[in-house]
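# Topology and contacts: notes
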Amino acid sequence: MRVGSGVDGRPGPVLGRYATAAVLVRLADEGARVALVLLAIERTGSAAYGGLLVAALMVPHVVAGPVVGTVADAVRRRRLFYTLALLGYAAALVAAVAVAAASRPLSVALVVAAGCLAPIMLGGLTSLLRDLVPDRLDRAFGLDATSYNLAGIAGPGIAAVAAGAAGATVATVVLAALVAVGAVVLWTLPIADRPAPAHHDAAPGPRNPLGAVPLLWRRPRLGAVTLASSFGQLGVGALPVVAALLAGRFQHTSYTGLFLAVASVGGLAGSMWCARYPVRSHPPERVVVACLLATAVPFALVPLMPSVWAALPLFALVGVLNGPLFCAVLAVREQEAPPAAHTQVFTVGAGLKSTAAAAGAALAGALTGSGVGLLLLGMAACQAVGAVAGAAVLRLRRRDADAER
């Protein structure tokens, strides 16, 4: 049986089960940020403690990504590894809940442990698609991007609703249960074991946990897309702060959630469109550059809008453009990732994306005094700079290749 065909010989059921698992675990990853803050307030009355727990969850996404990716690239029994990693994440969250009031240091340590396993839920899962549905990667990347958008919309909502109905402790346990169910679904996927090494290769030596980093300049397409999308995320990361400021400008704080929800729904629509109608007529690296340039336009136009209802379509357009942008980024990672560092390329890329977004949020927070108009222009500039930087790397590579001929 070919890997990715499923027990009935068709790739559709496999892709459906993959998407189910991805949505479940990513819902929990997004919702945990809200649940942990609410848990800290419920148990200790300290919002600052909640911020510490969120940082403990998010920082390892970046730091542990290369290491987790290296292990995933080396382990033989991949299905067992992924399943245990997801169950470990769920167990660490539940344990952190159990000790939150009794021991803050232990609770933080357990959340850090969960964060170290989180890269498997993000780029690690995406890296499996090459083996699961090798002939349907375009559609698979669209569905994968859709899972992120669904998680971004519904995850925090599930956490908030569950916390409001039964408390933050129950909300966190519910999220952990989603991960556990996702792990069970993942176990049903035909993830093949890696073959045992030949005798003379039995001790090949330790793999480099940063082995994917040099690929960013050795493989210009990968480097160009990573550089361009990271600049783009630097701007997009400021969106929650800018949405709050813009809502204040229109004198209604509830508009903050409306702006973010419209952008998320736009992202969902763009991802679903790419899953149904993949962009195959242009190289994916050019799609990334084009989408970044296009995204600069609505960001630059928002300050000119006279009302909330005039600004909302521009936020929706930002989300829609993110669909093909993200799918194209995944396509380049897939095409440029060598077998020995395949998962690591995806986990490092996801970590850089998270880092850039966090930096953008922090920078926007520090510059709130500059005004929402200037911040929006800065977000537009990030998209344009990313597009220009990516195009420049691609152009230099083509020029060097022509010179070598």
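Scope of this entry: the structure provided in the associated data block. (Residues numbered from 1 in each chain as written. Predicted model: local features only at pLDDT ≥ 70, side-chain atom pairs only at ≥ 80, totals over all residues. Heavy atoms only, no water.)

## A word on the environment of V174
Inspection of the secondary structure assignment puts V174 in helix α8 (residues 168-187). As for V174 and G266, which are separated by 92 residues in sequence, their C-alpha atoms are 27 Å apart. (Helix = DSSP H or I, 4+ residues; strand = E, 2+ residues; numbered from the N terminus.)

## Points about the nonpolar core
Y89 and L186 are the most contacted members of the largest nonpolar core, which totals 71 residues. In terms of residue count, the dominant contributor to this core is helix α1 (residues 11-44) (14 residues). Beyond its immediate stretch of four places on either side in the chain, Y89 contacts A28, D29, A32, L57, A114, L117, A118, M121 and V179. Among the nonpolar cores identified, the runner-up in size contains 26 residues, and L239, A263, V302 and L312 belong to it. (Core = buried A, V, L, I, M, F, W, Y, C linked by side-chain atoms within 4.5 Å. Buried < 20%, exposed > 50% of the residue type's maximum accessible area, 1.4 Å probe, protein only. Contact = heavy atoms within 4.5 Å.)

## Details of the pattern of salt bridges
A full pass over the atoms with the stated rule returns seven salt bridges. One salt bridge connects R78 with D131, and the closest N-O pair in it is separated by 2.8 Å. One end of the pair, R78, is in helix α4 (residues 78-99); the other, D131, is in helix α6 (residues 129-132), with 53 residues separating them in the sequence. The partner of R221 in a salt bridge is E336, and the shortest N-O contact between them spans 2.6 Å. Here R221, found in helix α10 (residues 220-236), pairs with E336, found in helix α14 (residues 308-336); they are 115 residues apart in sequence, far enough to count as distant. Within the structure, one salt-bridge network assembled from shared partners comprises D29, E30 and R33. (Salt bridge = Lys/Arg side-chain N within 4 Å of Asp/Glu carboxyl O.)

## Some remarks on the environment of I153
Its location among the elements puts I153 in helix α7 (residues 137-166). A relative accessible area of 36% places I153 in the partly exposed class. Taking the C-alpha atoms as reference, I153 lies 29 Å from V99; in sequence the two are 54 residues apart. In this structure, I153 is in contact with S264, V265 and L268, ignoring residues within four places of it in sequence.

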